[in-house]
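# Results of the structural survey
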Amino acid sequence: MASAARQFLRTATRTGTRNAFAVAPRVAFRQGGRRAYSSEPTKSSNSTWLWVAGIAAIGGGAGYLYTQQSGGVPKVFKATQKDYQAVYNEIASRLEEKDDYDDGSFGPVLVRLAWHASGTYDKETGTGGSNGATMRFAPESDHGANAGLKNARDFLEPVKQKFPWITYSDLWILGGVCAIQEMLGPKIPYRPGRSDKDVSGCTPDGRLPDASQAQDHLRAIFGRMGFNDQEIVALSGAHALGRCHTDRSGYSGPWTFSPTVLTNDYYRLLLDEKWQWKKWDGPKQYEDKTTKSLMMLPTDYALIQDKQFRPWVEKYAKDNDLFFEDFKNVVLRLFELGVPFAEGTENQRWVFKSSNDE
Ligand code: HEM
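Residues numbered from 1 in each chain as written. Predicted model: local features only at pLDDT ≥ 70, side-chain atom pairs only at ≥ 80, totals over all residues. Heavy atoms only, no water.

Under an unreviewed UniProt entry, the protein chain has the name Peroxidase and belongs to Thyridium curvatum.

### What about the overall build of the protein chain?
Note the threshold: Helix numbering and strand numbering both begin at the N terminus, where a helix is a DSSP run of H or I of at least 4 residues and a strand a DSSP run of E of at least 2. Using a 1.4 Å probe on the protein chains alone, a residue whose accessible area is under 20% of its type maximum counts as buried, one over 50% counts as exposed, and one in between counts as partly exposed. In this description, contact between two residues means that some pair of their heavy atoms is separated by no more than 4.5 Å. Per-residue and other accessible areas were derived by the Shrake-Rupley procedure at a 1.4 Å probe size, with only the shown protein chains allowed to occlude residues.
Scanning the protein chain from N- to C-terminus turns up twelve helices and eight strands. By the burial criterion, 55% of the 358 residues in the protein chain qualify as buried. Considering only contacts in the protein chain between residues 6 or more positions apart, those separated by 24 or more positions represent 70%. Of the roughly 15200 Å² of accessible surface on the protein chain, a fraction of 50% belongs to carbon and sulfur atoms.

### A closer look at a positive patch on the surface
The line we're drawing: Patch building starts from residues that exceed 30% relative accessible area and form no salt bridge, then joins like charges within 9 Å and nonpolar side chains (Val, Leu, Ile, Met, Phe, Trp, Tyr) within 5 Å. A side-chain nitrogen of Lys or Arg and a carboxyl oxygen of Asp or Glu constitute a salt bridge if their distance falls within 4 Å. None of His or the chain ends enter the tally, which takes Lys and Arg as positive and Asp and Glu as negative. In plain terms, the charge of a residue is placed at NZ if it is Lys, CZ if Arg, CG if Asp and CD if Glu.
The grouping of Lys-274, Lys-279, Lys-289 and Lys-292 at the surface amounts to a positive patch. By secondary structure assignment, the location of Lys-279 is in the loop between β6 (275-277) and β7 (286-288). For Lys-279, a relative accessible area of 77% puts it in the exposed group.

### Focus: the site of the ligand
For the record, the criterion: For each residue, the test is whether any non-hydrogen atom lies within 4 Å of the molecule or strand; if one does, the residue is near. As used in this structure description, the phrase polar contact means that two N or O atoms lie within 3.5 Å; if the pair is within protein, one of them must be able to donate a hydrogen and the other to accept it, and residues adjacent in sequence are counted only when both atoms belong to side chains.
Taken together, the neighbourhood of the ligand is formed by 23 residues, with Trp-115, His-239, Arg-243, His-245 and Ser-249 sitting nearest. Between His-239 and the ligand, the recorded distance is 2.9 Å, taken from a side-chain N or O atom to a nitrogen atom. Between Ser-249 and the ligand, the recorded distance is 2.6 Å, taken from a side-chain N or O atom to an oxygen atom. Of all elements in the fold, only α4 (107-118), α7 (215-225), α8 (229-236) and β4 (243-244) reach the threshold of two or more residues within the shell around the ligand.

### Some details on the packing of aromatic side chains
By convention here, two paired aromatic rings are described through the distance between centres and the angle between planes. Selection criterion: Think of it this way: a Phe, Tyr or Trp ring, Trp meaning its six-membered ring, pairs with another when their centres are within 6.5 Å, and the plane angle makes it stacked under 30 degrees, edge-to-face over 60, tilted otherwise. Charge-over-ring placement is defined geometrically: NZ (Lys) or CZ (Arg) within 6 Å of the ring centre, and within 35 degrees of the ring normal.
Considering all chains together, one arrives at 20 aromatic pairs under this definition. Ring centres of Trp-115 and Phe-222 lie 5.6 Å apart, and the angle between their planes is 5°; this geometry places the pair in the stacked category. One end of the pair, Trp-115, is in helix α4; the other, Phe-222, is in helix α7, and 107 residues separate them in sequence. Note on accessibility: Trp-115 and Phe-222 belong to one class, buried. Connected via pairs of aromatic rings, a cluster forms that spans Phe-77, Tyr-84, Tyr-88, Phe-163, Trp-165, Tyr-190, Trp-350 and Phe-352. Of note, Arg-219 hangs over the ring of Phe-309, and the distance from its end group to the ring centre comes to 4.2 Å.

### A word on the coordination of the iron atom of the ligand
To be explicit about the condition: Sites may look incomplete, because water is not among the atoms used; the donor set itself consists of N, O and S atoms within 2.8 Å of the metal (3.2 Å for Na, K and Ca).
With respect to protein ligation, the iron atom of the ligand binds only His-239 (NE2), at 2.1 Å. Relative to the elements of secondary structure, His-239 occurs in the loop between α8 and β4.

Structure representation (structure tokens):
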């Protein structure tokens, strides 16, 4: 099913089926009901749940200890892989159910939330990163780069209500992992262990990339997180997913014809299509000359203009398996930036079962 769906979409893109992205959500997610939730501000802090311990090797398996204050008597709950898989399954079924958003899925905006939670990391000071979930608070929630991510936080809030023992920071990253896997991307191994910080942990504005810039800026921003050229190109492949919104970033449109399925089409389209400046009142962005329905940001286009980046674009355009392998490795690192995991847990990552597994 997974490969059939991908094959269909790849064929649709190659043969120029222009309504392919209208079809994509039907392939990745089935029809479902609708409910409305709101999470802001963080009224559902884990006031009754106190995170008390890091990873504990108990009975041969990794677990997390939480206490619930119930009538003054603390009860200990040890979350295991099975418990995190249950959270994964809940996110996956909500993705399938709530298919009336954007191109038919909350998946892309969940990936963006996990990335923006992580991408504030600064290796020099050790600040920022996916530990903390400080985007729950202003000023970080109001940073221009985070416009629209309330949709993702609200989407995950009922999951937090159902599984109050999970921290927001572990949940947001699990949301990204789940979305990538459910959109037919590679399995992303996962480690829990993030704890939530208060408003004082908010990072300063300006740590996330500015799409109007070029290669020097990309190297400065991603270098600050500890990533090299190859990793910058591999991470950018996430733009196969989702779209730009004029009321968020100011930019407009999707990068590929199948924005709810992860493929290497971003690289193929970058190389194969002719790109021209879009004539409009909005910020400078590229559009494809053939259909004028796809877009590239100046930072995306920089990947084929730069001599060191371009060979990686060419490699990933030719080889989807290589892209998936490199994407898995770099996203795993991105999602763990700034997290003080307990020693000895490097080899204790979990791989969750996807709903599309055989
Ligand atoms: C290379 C530097 C990057 C820049 C300048 C950039 C910029 C942007 C912009 C301007 C948008 C549109 C936001 C909107 O209007 O809703 C966007 C969307 C998105 N970005 Fe990036 N991004 C970068 C890297 C990444 C990385 C590393 C990832 C993940 C690994 C990522 C994942 C996404 C996703 C999935 C969306 C679609 C969100 C949606 O559909 O709501 N981006 N990005």
